[in-house]
Every structure is written in C-alpha cells, then in structure tokens.
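So you can see what is in the structure, the chains are spelled out below.
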Amino acid sequence: MLPVRLDRADPRPLGSQLADQIRALVLSGALAGGDRMPASRRLATDLGVSRSVVEQAFDQLLAEGWIEARQGAGTWVAGGRSGARSRPARRRTPVVERALVMLDAGTPWIDPRHEAVWRRAWREVSTATPPRGYDDPRGLPELRALVAERLGRTRGLAVDGDAVRITSGTGAGLRHLLAVLPRDPVAVEDPGYRAAVAMVLESGRSVRDLPALEPVADLAGCAAAYVTPAHQHPLGRVMPAADRLTLLATARRDGALVVEDDYDSEFRYDVAPVPALASLDRDRVAYLGTASKSILPSLRLGWTVVPDRVLDRFDAHRALTHDAPPWPVQRALVTLLRDGYVDAVVRSARRTYAERAPRVVAALEPYAELAGPVAGMYSTWLLPHARAVRARAAAEEAGFRVNLLRDYCRTARLSGLVVGFGGPTDDELDLALDALVSGLRRS
Ligand SMILES: Cc1ncc(COP(=O)(O)O)c(C=O)c1O
C-alpha cells in the first residue's frame, strides 16, 4: 500500500491530493524509477475513494511525466528519475505513442518554404570560429541586440540588448529565476502551464493556485506569480487591461515578482497582439520569451528580460552554473533574425493558423463550448470529462493525441479538450477532427 493519506476536510480535490503525494514520494526517492504503481482499482479500494479519483491522479502524473503506462501492462514510476534504481527493461517503449500525431497546444507549424535561410544559418555556423573559452553567460551580444529590436517592434517592450539574456527556453528562464528568488511559494494560474508547476515544485516551493480567469488580488507570502497574460494557457483568454493593472498593483503591494510567460503571443489573427505586460512595469515583471513557437521547440532557445533588482543575482547564477545555450545555436539564431527568417515564418504560420482555426471551430462547435477566443496554435473546448475522454479515445484510435483540459487543472474544476492545430498536416487535421466528432457523436 502506498504511504498516502487523503483528507476530505482539505478543500483540494482528492485526485489532486493523491497526485501531489505520489509526486512527493517520487521526489523524495521513496518511489523510484521502474517501481510498479498499484492498480487503480486496488488503490481506490485501499484509500476508500472512487476509482475515478485514482484515475484523475494517474492521468495528471502521466501527463506530467512522473509515471508511465502501457495498455495491459500497468503503470509504473517513470524510469531513471534521479538515477535511482531504474529498471530499463520495464521502461515504456512508446511504440504506439510515437505513431500518434500530436494535436497538442505546443507544436507549431513551420513553413518549409523558408528552408533556404535555415540552411544558410547553419552554413554560417559551420564557417564561424567558436569562442575558445566559456562565452558571455548573458548570451551573444549581437543576438541580444537582435532580440531586443524584435521585442520592441513586436511586443512593445522597449529594451536594448544589455537587458536581454539568452536562455535555453522558457523553462530555463524560470529555473534561473527560481534559483535567485526567495524560497516562498509561487502562484501559478490554474488551469495553467504544467511545466511551470513541475519546476516550482522541483525547486522545493509550494504552488499557490491562481484561478486563471479571475483578477489577482492577493499574493501575500508569494515570491512570484507565473502568468500567461497574452494568451492564458490553456483557456486562451487575453488578460483584460483592468486585470493586468490589478495584478501589477497586487504584486507591488505584496512584494511578489510577476513572471510573464509570453509563449505564443505573436499568433493572433483577429486583432493585433496585446503588448507585453512587462512593457507596463519593467521593475515588477520578469519577461520570458521563447523560440519554441515561432521557430522550433527543438532549438531550445529563449530570452528573458528581468528587473534590475534581480539581474545581478540572475547573471551570477548563470555564470556560476555555465547555464547558457550552446554557442552554435545562438549563432544560428543571429542569422535567422538578421535575414528575416523569424518574421517570415511567423507571418506564414499566422496565416495557416488563421485558416485552420475556423475549421476546428466549425467542426467542434456543435458539440462543445469554446473556453476562450481561438488564437495561437490551439483551441480549448469545455465538455463533461467523460465525453472528453471518449472523444480523446476516438482520436487516439485514429492515430491522434489530444490533451484533456482536466490535466491542466489543479483545484479548478474544468473539463474538456485542448485541441492543437499547429502540428498536423491539413489532411491529418481533417482526419483528426472527423475522429473527434465521431467520438463526440457517440457519447
Ligand atoms: C505555456 C507555455 N509556455 C512556454 C512554452 C515553451 O516552453 P520552452 O520555451 O521551454 O520550449 C510552452 C510550450 O508548449 C507553453 O505551452
């Protein structure tokens, strides 16, 4: 029996309590990579809860990558975390998964017509001379200047290259901030970005749930609030101007840093992108940008602009840990920005998303309610959980993976589907929508 205890007096749902405790057991090493999890039916009986409580916890942990499952073979702790007692033979071989086409919120569409610039960038890297020692931990100066120019032009964030730091993506920027912030809890939108939640927990802090669509009126005792104001992840709403001001005033009053995750803000096709929150208060907001949506997630590049009062500690931490992206990747991004590649792929992707979004809406609208305006490369649909699960199963049978809204929720009680449309081809998208619709019709 797992050493967990659920408290019915605790306002958090039983499934979240169970997921939190299993996560803590893995983090503490009490459960190690390869350890088999009890069957959901047995665990439910042991704990005196319904099986759906255990399934909700397992779904959450599966989505976060803490546990793995294969149909018919059971569930076990993901192999090799912290290197502890991993049993490679029992690790999941994701044969079925690899074949699934991802309709997730994060996979962008990249226009292959611009590949010539991409190739030129790598040719330039191959003929340039790399630095002989550890390079500037803040990032290549010419890259920081180009990123600053683009932030001013596209995000209303007037900074020069000196203020920009190049990171290995949003997550790296957040980890560097967590390394220098007070060890107090961090507030994260609920539903919200699961990787941010995982990183806050891994930093040894607790997460405070911020109801995603409500103004933030209290951050007392929090080191920071992690938000996605340009396109709330995953509900899709733009944070209204009044709520932006309330958030900044609350953060100032309570001494918390606002961490702005600006992951896909450029991909609005109805209105112009809302300027970055950081443009309203550079002293209160740490800005996190990424190349993952506009260029490629596998590039592992991003940028941050952090308030001056944390900048020295932030830089010292990065210099100490040598935690900067590889020089060749930074050097390639210099060419991609300089030669207009990024602007061109963003423009074409925006056109593609603007064409695909109404197709997705037309297909799913008769069966589900949109959670927020469609922007970026995904749409989020509200549905009873059981229907969402059935629709997802129908998509999976047809070879597509979509995510459940519940997997992004902690205390929020929302259910439905998060349907991405950046990753598939046009034909795949049609097939996936047919499969989802047939699943929704059946349920
Ligand atoms: C909310 C959110 N923020 C940031 C990112 C990008 O993270 P990274 O820059 O680490 O690839 C994603 C990717 O899906 C995301 O969904």
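Residues numbered from 1 in each chain as written. Predicted model: local features only at pLDDT ≥ 70, side-chain atom pairs only at ≥ 80, totals over all residues.

### Observations concerning the packing of helix H12 (residues 341-364) against helix H14 (residues 426-442)
Piece 1. Direction vectors running N to C along H12 and H14 enclose 20°, while the axes themselves pass 10 Å from each other. Our classification of the angle between H12 and H14 gives roughly parallel. H14 is crossed by H12, and the crossing has right-handed handedness. Seen from H12, the contacting residues are Arg356, Val360, Ala363 and Leu364; seen from H14, they are Leu429, Leu433, Leu436 and Val437. (Axes fitted to C-alpha atoms, helices over the stretch in contact; angles between N-to-C directions. Helix = DSSP H or I, 4+ residues; strand = E, 2+ residues; numbered from the N terminus. Parallel < 35°, antiparallel > 145°, perpendicular 65-115°, else oblique. Left-handed = near helix turned anticlockwise from the far one by under 90°. Contact = placed C-beta atoms within 7 Å.)

### Some points on unusual backbone geometry
Piece 1. Note that the residue after Asp190, namely Pro191, is joined by a cis bond; omega there is 0°.
Piece 2. With respect to the helices, strands and loops of the structure, Pro191 is situated in the loop between strand S5 (186-190) and helix H8 (194-202).
Piece 3. The amide bond that connects His233 to the next residue, Pro234, takes the cis arrangement and shows omega of 10°.
Piece 4. Its location among the elements puts Pro234 in the loop between strand S7 (224-227) and helix H9 (241-254).
Piece 5. Phi angles above zero are rare outside glycine, and Arg300 is one such case at about 55°.

### Description of the sheet that holds strand S11 (residues 369-370)
Piece 1. Overall, antiparallel pairing links the four strands, which are arranged S11-S12-S15-S14 in an open sheet. Each edge of the sheet is formed by a strand with only one pairing partner; in this case those strands are S11 and strand S14 (403-404).
Piece 2. Sheet analysis places S11 next to strand S12 (residues 378-382), joined by two bridges and oriented antiparallel. Directly across from Leu370, in S12, lies its bridge partner Trp381.
Piece 3. Strands in contact with helix H13 (residues 385-397) are S14 and strand S15 (416-420); relative to S15, the strand with the most contacts, it is inclined by about 35°. (Pairing = 2+ DSSP bridges.)

### A closer look at the pairing of S5
If a strand is regular, its side chains alternate between the two faces of the sheet.
Piece 1. Counting buried positions along S5 yields four of five residues, so the element is predominantly enclosed.
Piece 2. Taken together, the five bridges between S5 and strand S6 (residues 207-211) define a ladder with parallel strand orientation. Counted as the bridge partner of Val188 is Asp209 from S6.
Piece 3. Of the strand pairs in this sheet, S5 and S7 are connected by three bridges, and their pairing is parallel. Each residue of the ladder has a partner; that of Val186, found in S7, is Ala224. (Buried ≥ 20, exposed ≤ 12 C-beta atoms within 10 Å, placed from the backbone.)

### Thoughts on the nonpolar core
When a protein is soluble and globular, its nonpolar side chains tend to lie buried together.
Piece 1. By size, the foremost hydrophobic cluster in this structure holds 102 residues, and its most contacted members are Ala224, Ala225, Val259, Leu417, Val419 and Leu436.
Piece 2. Broken down by element, this core gets its largest block of residues, eight residues, from H12.
Piece 3. Sequence-distant contacts of Val419, that is, excluding residues within four places in its chain, are made with Leu103, Val360, Leu364, Tyr378, Ser379, Trp381 and Val402.
Piece 4. Within the second largest apolar cluster, 16 residues are counted, among which are Val26, Leu61, Trp66 and Val77. (Core = buried A, V, L, I, M, F, W, Y, C linked by C-beta atoms within 7 Å.)

### Describing the domain arrangement of the protein
Piece 1. By the assigned domains, the protein splits into domain 1 (14-89), domain 2 (114-341) and domain 3 (343-442).
Piece 2. Once you take the C-alpha centre of each, domain 2 and domain 3 turn out to be 26 Å apart. (Domains from an automatic or database assignment.)

### Here's the deal with the packing of helix H7 (residues 170-180) against H8
In helix packing, the relevant descriptors are the interaxial angle and the interaxial distance, both defined with respect to the helix axes.
Piece 1. Closest axis-to-axis distance for the H7/H8 pair is 10 Å, and the angle between their directions is 30°. By the criterion of interaxial angle, the relationship of H7 to H8 is roughly parallel. Note on packing geometry: the crossing formed by H7 with H8 is right-handed. From H7, Gly171, Leu174, Arg175 and Leu178 reach across to H8, where they touch Ala195, Ala196, Met199 and Val200.
Piece 2. Looking at the contact of H7 with H8 residue by residue, the class counts come to six nonpolar, one polar and one charged. (Nonpolar A, V, L, I, M, F, W, Y, C, P; charged D, E, K, R; others polar.)

### Section: the confidence of the model for the protein
Piece 1. With 96% of its residues at a pLDDT of at least 70, the protein reaches an overall mean of 91.
Piece 2. In this model, residues 81-98 is a region of pLDDT below 50 whose contacts with residues beyond four sequence positions or in other chains number 21 contacts. (pLDDT = per-residue confidence, 0-100.)

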